[in-house]
Each structure stands twice: as C-alpha cells, then as structure tokens.
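Chain by chain, the residues:
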Amino acid sequence: MGKKVLVVDDDKNAVKFMSVMLDENGYEPVVAYDGREALQKIEENDIDLIVLDVMMPKKTGFVLFKELKRKDEYKDIPVLMLTAVAASLTELDAQEGDTFERPYDSLRESLRKTIEEMRESGDVRPEMFVDKPVDPDGFLKKVRELIGK
Amino acid sequence: MGKRHSIVTKLSVAVIAIVTLVIAATGLVNNIISHHYALESARAALRFNSESVLSGIDKLMMTRNKDGVLELIQDISKGSTVYRDVRLLSHYSGEIVVSRLRETGSALTEADLSCAVCHDQSGPLIPSEAPLDRVVTSPSGHRILHVITPIMNKARCKTGKCHEHADSGPILGFLEAEYSLDRTDALVSGLNASFAVAASSAILLGTIALWIILRQTLRKPIREMAAGIQAIAGTDLSFRFETNRKDELGLVEESVNDMAARIQAHQTELRDAREYLEGIVENSADIIITVNPKGLIQTVNRGAEQALGYLREELIGRPIEILFANPGERDVAIARLEHGDSVVNYETHFLTKTGALRDVLLTLSRLRDREGTPIGTIGISKDITREKELQGLVVQSQAAAAIGQAVTAIQHAIKNMLNTLSGGSYLVRVGMAKDNRERIEEGLAMIDEGIWRIGDHSLSMLKYAKEWTLTPELTDLALLVNKVCNAIEHAARDRGVTLRRKFPDHCPLVSCDSRLVHMALMDIATNALDACSAKAYKDPETAEICFDLYLDDDTSSVVVEVRDNGIGMNEETRANIFRPFFTMKEELGTGLGLALTSRIVKLHGGKIGVESELDKGSTFRLALPLEGRGMNQGARDGQEGPGRR
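Remember, it's a predicted structure, so these values are computed and weren't measured experimentally.

K.L.:
What am I meant to see in the overall build of chain A here?
P.N.:
Counting its regular elements, chain A contains six helices and five strands. Reading chain A from its N terminus to its C terminus gives the helix and strand order β-α-β-α-β-α-β-α-α-β-α. Taken across its 149 residues, chain A has 54% of its residues classed as buried. Here the analysis covers contacts within chain A between residues at least 6 apart in sequence; of these, 69% occur between residues at least 24 apart. Element-wise, carbon and sulfur atoms account for 48% of the exposed surface of chain A, whose accessible area totals about 6600 Å².

K.L.:
Explain the sheet that holds strand β2 (residues 95–98) of chain B here, please?
P.N.:
Two strands in a sheet stick together by hydrogen bonds in their backbones, pointing the same way (parallel) or opposite ways (antiparallel). Residues and elements named next belong to chain B. Strand order across the open sheet formed by five strands is β2-β1-β5-β4-β3, with antiparallel pairing between neighbours. Of all the strands in the sheet, just β2 and β3 (133–137) have a single pairing partner and so form its edges. Direction aside, neighbouring strands of the sheet carry axes that sit 30° apart on average. Pairing of strand β1 (residues 83–90) with strand β5 (residues 171–180) involves seven bridges; the strand directions are antiparallel. Looking at the pairing, V86 lines up with A177 of β5. Docked against the sheet, helix α1 (residues 7–62) engages β1, β3, β4 (143–152) and β5, running at close to 35° with respect to β4.

K.L.:
Which parts of the structure should I look at to understand the pattern of salt bridges?
P.N.:
Between side chains of opposite charge, a pair can form when the charged atoms approach closely. Residue and element names in this part refer to chain B. Taken as a whole, this structure holds 33 salt bridges over all chains when the rule is applied. Measuring nitrogen to oxygen at the nearest pair gives 2.9 Å for the salt bridge that ties E40 to R43. On the criterion of helical spacing, the pair formed by E40 and R43 is a turn pair, its members being three residues apart in helix α1. Judged by relative accessible area, which is 32%, E40 ranks as partly exposed. Between E347 and K388 there is a salt bridge, with its nearest N and O atoms 2.3 Å apart. Placement of the pair is E347 in strand β8 (residues 342–351) and K388 in helix α10 (residues 385–434), with a sequence separation of 41 residues. Exposure remark for K388: the relative accessible area of 24% places this residue in the partly exposed category.

K.L.:
Where do I start with the confidence of the model for chain A in this structure?
P.N.:
On average, residues of chain A carry a pLDDT of 75, and 66% of them reach 70 or more. For chain A, per-element mean pLDDT is lowest for helix α4 (residues 86–94) of chain A, which scores 57, and highest for strand β2 (residues 28–32) of chain A, which scores 92.

K.L.:
Which parts of the structure should I look at to understand the packing of aromatic side chains?
P.N.:
Aromatic ring pairs are described here by two measures, namely the spacing of the ring centres and the angle between the planes. Summed over all chains, the structure comprises four aromatic pairs over all chains. A ring pair is formed by B:F324 and B:F350, whose centres lie 5.3 Å apart and whose planes are at 85°; its orientation type is edge-to-face. Of this pair, B:F324 sits in the loop between α8 (312–315) and α9 (327–340) while B:F350 sits in strand β8, placing them 26 residues apart in sequence. Take B:F324: its relative accessible area is 10%, and that puts it in the buried class. With relative accessibility at 4%, the residue B:F350 sits in the buried group. Each ring, one from B:F578 and one from B:F620, has its centre 6.2 Å from the other, and the planes form 90°; the classification is edge-to-face. Note that B:F578 is positioned in the loop between α14 (571–576) and α15 (593–603) and B:F620 in strand β17 (residues 617–625), a separation of 42 residues in sequence. With a relative accessible area of 5%, B:F620 lands in the buried category. Here the basic side chain of A:K12 rests over the ring of A:Y33, its NZ or CZ set 5.2 Å away from the ring centre.

K.L.:
Any chance you could explain helix α6 (residues 248–283) of chain B here in plain terms?
P.N.:
Each α-helix winds once per 3.6 residues, and so residues spaced three or four apart point in a common direction. Residues and elements named next belong to chain B. Over its 36 residues, α6 runs 52 Å from end to end, which matches the ideal 52 Å to within 8%, given 1.5 Å per residue. Where α6 is concerned, the buried positions are L249, G250, E253, V256, N257, A260 and G279. Of the surrounding secondary structure, the elements contacted by the buried residues of α6 are α5 (182–234). Where α6 begins, one side-chain oxygen reaches toward the backbone nitrogen of L249, 3.2 Å away; that side chain belongs to D247.

K.L.:
I'm lost on the environment of B:R515 in this one. Help?
P.N.:
Within the element layout of this structure, B:R515 appears in helix α13 (residues 514–534). When the C-alpha positions of B:R515 and B:P472 are compared, they lie 9.4 Å apart, and in sequence the two are 43 residues distant.

K.L.:
What am I meant to see in the side chain of B:E329 here?
P.N.:
Residues and elements named next belong to chain B. Along the chain, E329 falls in helix α9. Comment: no salt bridge for buried E329; closest opposite-charge side chain is K388, at 9.3 Å. Once residues within four sequence positions are removed from consideration, E329 is found in contact with Y346, T348 and H349.

K.L.:
Is there a simple way to think about a negative patch on the surface in this case?
P.N.:
Residues and elements named next belong to chain A. On the surface, a cluster of negative charge is made up of E43, E44, D72, E73 and D76. Here E44 lies in helix α2 (residues 35–44). For E44, a relative accessible area of 54% puts it in the exposed group.

Analysis parameters
Residues numbered from 1 in each chain as written. Chains lettered and ligands numbered in written order. Predicted model: local features only at pLDDT ≥ 70, side-chain atom pairs only at ≥ 80, totals over all residues. Heavy atoms only, no water. Helix = DSSP H or I, 4+ residues; strand = E, 2+ residues; numbered from the N terminus. Buried < 20%, exposed > 50% of the residue type's maximum accessible area, 1.4 Å probe, protein only. Contact = heavy atoms within 4.5 Å. Areas by Shrake-Rupley, 256 points an atom, 1.4 Å probe, with all protein chains shown as cover. Pairing = 2+ DSSP bridges. Axes fitted to C-alpha atoms, helices over the stretch in contact; angles between N-to-C directions. Salt bridge = Lys/Arg side-chain N within 4 Å of Asp/Glu carboxyl O. pLDDT = per-residue confidence, 0-100. Phe/Tyr/Trp six-rings, centres within 6.5 Å; stacked < 30°, edge-to-face > 60°. Lys NZ or Arg CZ within 6 Å of the ring centre and 35° of its normal. Expected span 1.5 Å × (residues − 1). Polar contact = N/O pair within 3.5 Å; in protein donor to acceptor, adjacent residues only side chain to side chain. Lys, Arg positive; Asp, Glu negative; His and termini not counted. Patch = residues over 30% accessible without salt bridge, like charges linked within 9 Å, V, L, I, M, F, W, Y side chains within 5 Å. Charge placed at Lys NZ, Arg CZ, Asp CG, Glu CD.

What follows is the structure, given as structure tokens:
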C-alpha cells in the first residue's frame, strides 16, 4: 500500500500514463478528470500528493489549487503542477513584479497571469512544475522528492 | 464717337441766336411804331396848322382882306422848308387860287388828289366822313403827306359883300397842304440805324462777355473735373477734389470724391482677401498645384516645393505628367475627373526631383469660369508616405505577433500529442518488461490515439487554412439547432447538463450553407458543454444550456443564441475568443474552432458576438441575415487576419 497520489487531468491518456507510472513505482494512483471530481476524491481519500494539470479548460485546475491552499486541512498537501510550459513557468515564477510580455504567446500570457494571481493570493506557489510531455524518470524523481517512496 | 463740340460754343451760339432774334424783332417793332407815330405826329401837326391857317384866312376874309389871304398862303408855302406846297382851291370855280408849285388859275380835274379825296366814290362825300389826309409818293420817290381842309360855307359868308357866290354850295374851297415826310423818314431811319448799331455792338460785346464767362464758369472747371476723374479711373484712387464750390459742380465733385473713396475701400478689401487666400494656399503644408487646360503646371505652392524637392520655377510650364510615378494612375485620375468633375482622396504616387517615390492622397477639382468653360484643374495632395510606412510597420508587427501566436499554439498542441505518444510508448515498454499484455494493449491504444490526434489536428488546421465557398440553400434554422441538440444530447446527459430550446412559431427561412452553419453551431454547443463541465455548481443551480431562436427586425436577421451558465470567461478571454489559435483547451483544442465559426458567420454576411461573466456563464449570439443579404460580398473569402489587405 503506497502513498496515494491524486492525478487530475482532463486528458484520459495523460491520466492513464501517469497512473501506470505511479503504480509501477509503488504509489497508489487516484484519478479525477476535472476540478470538481478532484475535490470529491480528496474529501473521500487521504491524499499524499496531488498532480494537477493547470491547463485544464476554464482554469479549473487552478481554481482547485486555490481552494486547496485556502482550506486548512488540505493546504499542506504538496501539489505538483503539470503544464506544457514548465520551463517558462519556472522562469516566470522567479520574476518579481509585472513584466510586460509582448503578446506573441497568449498561452504564456495567460500563464503569467496565473502566476500573478498565485502571488496575489498570498504568495502561495505550487511545489513544483512538471513539463509535458511527461518524462517518466523526471516525473518520478519529483514525486519522490515531495513524498518519498 | 464724333468730334467733340465745345459746350461753351454751343451755349454761346444758342444764346446769341436767341438774343439776336429778340433784338431784331424788337427793332422791327420799333421801326413800325416809330414810323406810325412819326406819321401821326406829322398828320396832327399839319392838320392843326391847316386849321390854324384857315382860321387866319377866315379872319382876313371877314375884314375883306383878299390880298392878305393870298399873301398869307404864299408866305406859308414859301417860308417853310417842311411845307412843300400850300394851296387855296376854289370849289366854286374849280380853280387853283393860290399855289407855289402849280399855276394859279389852272383848273382842277377829277384826277387831282384834291378831288379824289371826296369824289372817290360815286357822288360826293360829306366832308366829315372823308379821310382828309393821305400819304402819297411823288414821282421822284419822296413821301408826301397830303392834307385837305375844306372851307365851309358859313352863314356869314353868304351875306358877305366881297363874294359873288352867295349861293354856292356847302364848300367854298379847300386849303391843301403838302407836307414832305422826308425829314421824319430820315429821322426814323436815323433812329433805326442807331438802334441797329447799338444792338450789334451790344450783341458783339455780349457774345464776347458770355463766351468768357461760360469759359470760366463751365469749361475750365469741367475740364478740371474730367482730368480728376481720369486720374481716378486710371491709377490714382487716392486723388480727391479739393472742392470749395457751392454750386452743382461742387456737388458733382463731392460725389466723385465719395465714389473714389468707396472704390478705394473695396479695392483694399479685395486685395486683402486675395492676399489672405493666397497666403493660405502658399503656406499650406499640402501639395497644391494648378494646371491649365493644356495640362501644363501653372502655380505651385510652398508645400509642393518642400514635398517634391523642386523650386516652383522648375515646375511651372512643364506638363503635370512628370510628377506622376505611374502614368496609368494619372490616366485613371483624369478619366474620373472627366466623368464627374472631381476626384477625392485618390491614392497615387508622385516622384520627387530626385526620383524618390511619395505616397499621396490626391484630390482634383476642375476650375471653371463664370460661363462654365474649364480654365484649369487644381490638385491638392496629402503626402501620406510616412503614414503608410507606419501602417506597414504596424501590419508587420501584427503579422509577426500572429505568426508567433500560431507557432506557439501549434507547438503546444504538438507537445500534448507527444505526451500521448510517449505515454503510449511507456505503457508498451512497461507491459513488455512486466510481460503484461493489458499494458501493452493500453499503450498501443494510446499511441493510436496520439496518431489520430495528430491527423485530426492537421486536418483542422487545413480546414482553417482552406478558402471556403458557400453553397447556400434556404434553411430552417430551427431544424439545424435541433440537429445540434440531438448530437450533444448524450454527452450533455452524461455531464448532467440540461438542454433547453426556445423557437418562435414561424421563423423565416434563411439562405445559408447549412453544413457550415451546422459546424459552427456544433462548435459553440460543445464549448458550452465544456464550460458547464468545468464549473462546480452549487445547489440549487444546475448546468443548463439554452438555445434561443428569434427574428431581429432592426437588422433583419435571424439570431441563434446559445446561453450557458457554465464557468464563463474573463474580459481578456472574451475579447480574444474568436482569434485564431486562442485556446483554453491546451490538449484538445487547436484554438481554431471559434475562429473558423467566426469566419463562417462573416461569409454569410452575418455577425457573431459573445457576452460572458466569470462563474456565471456565457451567451453566444449568431446573427444570419435574411435572404442572404450581404452574402455576395463574402461568398468567396480569403484568409482573415494581418498580412492581407
């Protein structure tokens, strides 16, 4: 019986991929396909780690994230954020204040806004960012860092 | 115009003629009157004399002094130079008793004037009725006044003892006097002559005086006035008469002064206005050039010099063609001008002196004179080279932004698809390693899906890149909406979303491409579904999508409204939602769906819009014009977005 990891992503294949990865490495995957479902699963289970795709439609991932961090009983659960632009996010996260980005990249722009909102809501950040497409070794390494084996 | 006649001469001649006439008439009248009165005087005098003589004779006769009588008569006739002859005639014997000129004793004949006076008519006249004096002309031409005074047979005579004619008739005899009128005539002539002389002198002097006076009062001042007016009419509008005359000429001078002052004021006004207008043209920063009917440049303003690098002297007289970079464009402009007399904001190109190109907006107007004959053309051009450059830069940066966006979006999509493929590959490997067939199959399925996604993604990008042509047909939109609802019914139920429909009783048919419109509506509907799925609904609110169909009279179009109460969008998203590659669904969407929908709607000449509020929901509104109004414009479309005009 391994540690429970909640995987939240609207892409079934991605969820499958990560579940298998986790399962193969001794973790117990719990799945959810949107924010609402995820919250449900959190309430029902004793989750040790949340792997969250932030780029879900209508930012439901982020909404969930905010909610989690607000609730006392859940805010300490580590969150691993999945996105296709982790590198940029790390960079953006490191930046202080408002940097004006030229609108070449609406995605990046929306990410920037996301980071900003995170900051505004009290300097709360996800523990880590994970890049998509997921590199199994890298992913598992990060999981191990957060919750051990 | 004939020779000018002097007004003075005319006046003088007129006056003198009148005066002369008057004087001549006066003279004539004078002459007649003088003669008459002279005669009358002579008559009166002579008769008086004759009677005086007779009474003398009478007295003598009474004293029986016959000789005395004869002496008296002889003395009278002799002594007087005036009396030509005085005669005593006897009626009784018909003989001359005494006469200086005629023989005494000679008989009287009936032809004698003495007899003729009374015996003119048949039978004798009573003496008181006869004119007893006459004027006769002697054979030598002298005028003679002839007076006959009858000696009446009084009672005393009858009884006298000296005569033997006691019973003679009533008249005893006559006293006949002849009075020469030479002197009176001479006097009168003399009078006339004097009068004539005096009159002539007066006329002559008067003429001279009049001529001089008129000259002074009329000719000189009138000539001076004429000279003054000439000066004003010529060049000197500042000339004024120094008038101190009080007469009519003074009035004229004053009037001329007023007129000159007014003309001068007008001239100044005109000059000021002209200078002002010329100043406007000259100082305008635009290129203002006029051209004569032959097409040669007439005037050039400073704006033109500066923009084109020419001095105006270098341009004036040369054909306007030299300024146009493209002779074809010039021909188009001229053709339009011929057609409508004006060309407004025609975009064309000028060449500067150094051959550089300048983008301009050209406005041409024909200049015509009062009769409507063309006298040239005026061209006002705005140099928009800089503006076009900036526009180009903006367009470029927009293009770059769009490309960057597209590239990023595609990159993300590819990343997602890669994720699927690597997931599948991982599963296969794990399955192979653990000899777990199920894993292998799951993996392969994932790989297949990844492959499919790539294909699908490519396809949708191709779809977007395609140039669409509509095949319109009359469509009942209600049916189309129903089709869409049916298609998503299953998924809606799965996700707990209720679908509602509101259609009018009869909705007019719309001419549109039903396949494309269906595609567009499906896209909107699926978006609505996803929006509902993404929201965490709190009791008692449940997920709901409403499809509303109605006729908009204002725009004469049919509107399809899709209203959801899902997660909504923020303002930034809402503003950009129809942009290509703008997506909120990183893995699944290409971001092209709504962009394509928007294009389809525009192709039909319709409009699409969206309202949204975060966490409350979104409303998409699609308006299609009735009877395909406006469709012709967009029936064949090209790519939207920057990079194309």
